[in-house]
Amino acid sequence: MTPLLEVEDLHVRFPLTEGTIEAVRGISFTLGRERLGIVGESGSGKSQTGRAILGLTARPGEVTAKRLAFDGIDLMAAPERLRRSLRGSRMTMVMQDPRYSLNPVMTVGQQIIESYRAHKRVSGRDARRAALAMLDEVRITAPDRVMALYPHELSGGMGQRVMIAMMLITGPELLIADEPTSALDVTVRGEVLRILDQLVAERGMGLILISHDLEMVASFCDRVLVMYAGKIVEELASGALDQARHPYTRGLIGCLPKLAGDSHPLPVLTRDPAWAR
Amino acid sequence: MATPLIEARNLSVRFGVGRLTVAALDDVSFTLAPGESLGLVGESGSGKSTVLRALTGLAPLSGGSLKLGGVAVPTPRRMNFFTAVQMVFQDPYASLHPRHTVDQILAEPLAIHRIPHAETRIVAALREVGLGPSYRFRYPHQLSGGQRQRIAIARALILRPKVVLLDEPTSALDASVQAEILNLLEDLRRAFGLAYILVSHDLAVVAHLCERLIVLRQGRMIEETTAGALRDGSVKTDYTRAMLAASGGFTRVGPTAPPTAPLRNT
Ligand SMILES: Nc1ncnc2c1ncn2[C@@H]1O[C@H](COP(=O)(O)OP(=O)(O)O)[C@@H](O)[C@H]1O
Ligand SMILES: Nc1ncnc2c1ncn2[C@@H]1O[C@H](COP(=O)(O)OP(=O)(O)O)[C@@H](O)[C@H]1O
Ligand SMILES: [Mg+2]
Ligand SMILES: [Mg+2]
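Residues numbered from 1 in each chain as written. Chains lettered and ligands numbered in written order. Predicted model: local features only at pLDDT ≥ 70, side-chain atom pairs only at ≥ 80, totals over all residues. Heavy atoms only, no water.

Another point: the sheet that holds strand E9 (residues 212-217) of chain B. Residues and elements named next belong to chain B. The strand order across the open sheet formed by 6 strands is E6-E7-E8-E3-E9-E10, and the pairing between neighbours is mixed. Two strands lie at the open edges of the sheet, namely strand E6 (85-88) and strand E10 (220-226), each paired on one side alone. Each adjacent strand pair in this sheet contributes to an overall mean axis angle of 20 degrees, direction not counted. In this structure, E9 lies alongside E10, joined through 6 bridges in antiparallel fashion. Counterpart to Val 215 in the pairing with E10 is Glu 223. The sheet contacts of helix H1 (residues 48-56) involve strand E3 (37-41), E6, strand E7 (163-167), strand E8 (195-199) and E9, and relative to E7 the element is tilted by about 145 degrees. Where helix H9 (residues 238-246) meets the sheet, its contacts fall on E3, E9 and E10, and the angle it forms with E9 comes to roughly 105 degrees. (Pairing = 2+ DSSP bridges. Helix = DSSP H or I, 4+ residues; strand = E, 2+ residues; numbered from the N terminus. Axes fitted to C-alpha atoms, helices over the stretch in contact; angles between N-to-C directions. Contact = heavy atoms within 4.5 Å.)

Here it is in structure tokens:
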């Protein structure tokens with residue numbers, strides 16, 4: 001069976017006058033209809049990995065790969081037109097802060113309907129019906145009222161649900177969620193994760209959940225890739241944080257303050273230059 | 001009992017006018033002893049930052065009273081208030097002037113308070129937060145997030161305050177940098193007998209740094225508890241218990257089970 005996503009030796013480079021930044025340095029993985037986590041500290045290349053898969057690398061960034069394929073389609077060879085139509089219909093991305101990704105001068109309803117109609121030939125009335133149903137799926141009460149709101153009128157948790165609704169209304173098979181809950185309260189975070197979890201399970205989607213929060217990702221995903229300096233240094237099975245072997249992963253787990261057990265001072269991470277090689 | 005360092009009684013803060021009035025704080029009372037560390041927790045919008053802003057005079061009180069060292073605090077605050085009380089914000093990117101060097105950033109409070117020997121003080125302040133003198137001539141954009149937060153802490157400590165108000169001081173930082181900053185805050189507290197009021201959404205961070213904490217909800221204090229109670233789960237309200245449960249990571253109810261008690265429109 002063709003995997004949903006194949007990534008082999010993916011590189012993302014930014015050639016700048018002061019030298020080339022190697023944001024992603026040869027990572028490989030495949031994804032089925034499962035929940036895959038990517039964790040690592042800021043600058044480790046998580047977002048650039050997600051963007052490269054979708055074809056959203058900013059200029060002057062360059063993407064190379066031995067293979068980058070979505071449902072068997074060779075993305076490296078695909079013309080921009082094909083990538084654009086895949087993006088938004090079959091593969092899509094939810095970003096950290098909905099306030100920056102939603103259009104501030106359009107109502108929630110207009111935006112969801114527009115993103116639906118960009119990919120589906122349906123009447124305005126059917127699009128509206130689909131939008132209401134989708135808002136209900138992300139558990140928004142009184143969706144018809146929420147459709148008339150502007151992004152600034154939404155709380156963080158509502159904004160994030162609206163984003164998820166907008167991204168999932170076309171029924172994509174792959175969702176890349178980049179820090180989707182980092183701007184949310186812990187209690188709301190759990191609720192947004194639960195919605196994502198249920199939609200992914202019901203629709204049989206593949207999900208890549210990008211986050212710096214190792215504990216959250218490990219408790220949510222089936223598998224976790226740990227990135228450091230643009231490389232994958234370790235892969236962990238769900239809930240198996242205690243089996244981490246790489247000193248970077250272990251160091252990350254160790255330096256978190258914990259409610260169970262009190263250690264003063266906290267262990268700090270001492271970086272070995274060899275990790276980045 | 002010794003005089004509390006801070007004594008806040010029935011603090012109320014309202015924003016807006018008429019029908020649009022929001023009671024951001026409603027009848028909040030607490031004390032802080034010298035050298036003590038108090039946590040403030042609650043969901044976003046519950047009033048945590050408003051407590052700190054009310055203390056520093058940035059948010060006007062509509063009711064209640066405030067004492068520092070047993071003496072009523074006047075509004076507007078006098079200059080000597082800020083030699084005792086300083087603040088560190090969440091976002092080290094936004095809280096440092098982008099076009100000022102570290103040297104200028106640290107010199108400013110000294111100049112305002114007419115404190116001599118600025119250069120010696122600045123070099124010492126940098127040393128206290130673990131940075132060498134070469135950092136004096138850097139701009140904020142030339143520093144990492146953790147280094148910027150060290151500068152913000154150095155700026156808060158340069159006047160040798162008795163209490164530092166910390167608003168989500170490590171929330172924007174990576175776990176490894178957070179550990180370094182938390183260790184630094186503990187070291188400085190010990191070295192200078194500092195008291196802290198710490199706002200954080202991370203209960204483990206609060207339990208690590210504070211002995212006592214108060215829980216806010218919609219501007220009201222709904223629980224006063226201890227780090228020990230957070231650790232052994234013996235908190236009193238469902239609200240605090242729910243926060244505690246949520247901080248333990250994601251728990252799947254069952255492979256296909258619908259979520260229990262869906263929370264809507266949060
Ligand atoms: N537009 C860009 N130009 C140059 N370098 C960039 C650009 N975007 C990202 N980078 C660099 O790529 C690296 C990885 O970034 P990113 O994938 O955003 O990290 P993460 O999401 O893990 O925090 C970082 O060193 C970052 O500075
Ligand atoms: N300057 C302001 N004007 C109007 N409302 C405000 C202002 N600052 C805070 N609020 C409101 O006061 C309440 C408490 O806010 P805040 O103290 O910032 O919460 P927290 O720090 O717990 O997230 C919120 O409802 C917020 O919208
Ligand atoms: Mg990122
Ligand atoms: Mg706040």
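Next comes the rest of the account.
Moving on, we come to the nonpolar core. Formed by 114 residues in total, the largest nonpolar core has its most connected members in A:Ile112, A:Val138, A:Leu209 and B:Ile153. In this view, B:Ile153 contacts B:Val88, B:Val129, B:Ile181, B:Leu184, B:Leu185 and B:Leu188; residues no more than four positions away in its chain are not counted. Grouped together as the second largest cluster of nonpolar side chains are 31 residues, B:Ile6, B:Ala24, B:Val73 and B:Ile214 included. (Core = buried A, V, L, I, M, F, W, Y, C linked by side-chain atoms within 4.5 Å. Buried < 20%, exposed > 50% of the residue type's maximum accessible area, 1.4 Å probe, protein only.)

Attention shifts here to the packing of helix H5 (residues 145-157) of chain B against helix H6 (residues 175-192) of chain B. All names here are of chain B. Between H5 and H6, the least distance of the axes is 10 Å, while the angle of their chain directions is 15 degrees. When the axis of H5 is compared with that of H6, the two are roughly parallel. In the packing of H5 onto H6, the handedness of the crossing is right-handed. Together, Gly 146, Gln 149, Arg 150, Ile 153 and Leu 157 of H5 and Val 177, Glu 180, Ile 181, Leu 184, Leu 185 and Leu 188 of H6 make up the contact between the two elements. (Parallel < 35°, antiparallel > 145°, perpendicular 65-115°, else oblique. Left-handed = near helix turned anticlockwise from the far one by under 90°.)

This part is about the packing of aromatic side chains. Summed over all chains, the structure comprises 5 aromatic pairs over all chains. Centroid distance A:Tyr228 to A:Trp275: 5.5 Å. Interplanar angle 80 degrees. Geometry classified as edge-to-face. Of this pair, A:Tyr228 sits in strand E10 (residues 223-228) while A:Trp275 sits in the segment after helix H10 (247-254), placing them 47 residues apart in sequence. Side by side, A:Tyr228 and A:Trp275 carry an identical accessibility label, which is buried. Put simply, the rings of A:Tyr228, A:Tyr248 and A:Trp275 pair up and form one aromatic cluster. The side chain of B:Arg160 reaches across the aromatic face of B:Phe192, ending 4.1 Å from its centre. (Phe/Tyr/Trp six-rings, centres within 6.5 Å; stacked < 30°, edge-to-face > 60°. Lys NZ or Arg CZ within 6 Å of the ring centre and 35° of its normal.)

The partner chain A presents 43 residues to the 35 residues of chain B that form the contact. If you look at where chain B meets chain A, you find 1 salt bridge. Across the salt bridge formed by B:Arg231 and A:Asp262, the nearest N and O atoms sit 2.9 Å from each other. There are 10 residue pairs in polar contact (both at pLDDT 80 or more) connecting chain B and chain A. For the side of chain B that touches chain A, the secondary-structure elements that each account for two or more residues are H6, helix H7 (203-209), helix H8 (227-232) and H9 of chain B. For the side of chain B that touches chain A, the element with the highest residue contribution is H6(B), accounting for 8 residues. For the side of chain B that touches chain A, the class distribution of residues is 17 nonpolar, 11 polar and 7 charged. (Salt bridge = Lys/Arg side-chain N within 4 Å of Asp/Glu carboxyl O. Polar contact = N/O pair within 3.5 Å; in protein donor to acceptor, adjacent residues only side chain to side chain. Nonpolar A, V, L, I, M, F, W, Y, C, P; charged D, E, K, R; others polar.)

To continue, consider the site of ligand 2. All names here are of chain B. Around ligand 2, the surrounding shell consists of Phe 15, Ala 24, Glu 43, Ser 44, Gly 45, Ser 46, Gly 47, Lys 48, Ser 49 and Thr 50. Alone, ligand 2 offers 560 Å² of accessible surface; in the complex the protein occludes 59% of this. Across the shell around ligand 2, the residue classes break down as 2 nonpolar, 6 polar and 2 charged. (Near = heavy atom within 4 Å. Areas by Shrake-Rupley, 256 points an atom, 1.4 Å probe, with all protein chains shown as cover.)

On to the site of ligand 1, then. All names here are of chain A. By nearness alone, every residue bordering ligand 1 is listed as Phe 14, Ile 21, Ala 23, Glu 41, Ser 42, Gly 43, Ser 44, Gly 45, Lys 46, Ser 47 and Gln 48. Backbone polar atom of Gln 48 to an oxygen atom of ligand 1: 2.8 Å apart, as the coordinates give it. For ligand 1, the protein covers 67% of the area, taking 560 Å² as the surface of the free molecule. Broken down by secondary-structure element, the contributors of at least two residues to the shell around ligand 1 are strand E2 (19-31) and helix H1 (46-54). Per-element tally for the shell around ligand 1: the top contributor is H1, with 3 residues. Split into classes, the residues belonging to the shell around ligand 1 amount to 3 nonpolar, 6 polar and 2 charged.

Residue and element names in this part refer to chain A. Here helix H7 (residues 156-168) crosses helix H8 (residues 186-203) at 15 degrees, and the two axes come no closer than 10 Å. Taken together, the axes of H7 and H8 are roughly parallel relative to one another. Crossing angle aside, the handedness with which H7 passes H8 is right-handed. Where H7 abuts H8, its residues Gly 157, Gln 160, Arg 161, Ile 164 and Leu 168 lie against Val 188, Glu 191, Val 192, Ile 195, Leu 196, Leu 199 and Arg 203. Taken together, the residues of the contact of H7 with H8 break down into 7 nonpolar, 2 polar and 3 charged.

With that out of the way, let us pick up the pattern of salt bridges. Residues and elements named next belong to chain A. According to the stated counting rule, one finds 30 salt bridges over all chains in the structure shown. Put simply, Arg 271 and Glu 41 hold a salt bridge, and the shortest N to O gap is 2.6 Å. Here Glu 41 lies in the loop between strand E3 (35-39) and H1 and Arg 271 lies in the segment after H10, a separation of 230 residues in the sequence. Relative accessible area serves as the criterion here: at 40%, Arg 271 is assigned to the partly exposed category.

Residues and elements named next belong to chain A. Here Gln 111 lies in helix H4 (residues 108-117). Polar side-chain contacts of Gln 111 include one of 2.9 Å to the backbone oxygen of Met 106. Not counting chain neighbours up to four residues away, the residues in contact with Gln 111 comprise Leu 102, Asn 103, Met 106, Pro 151 and Met 166.

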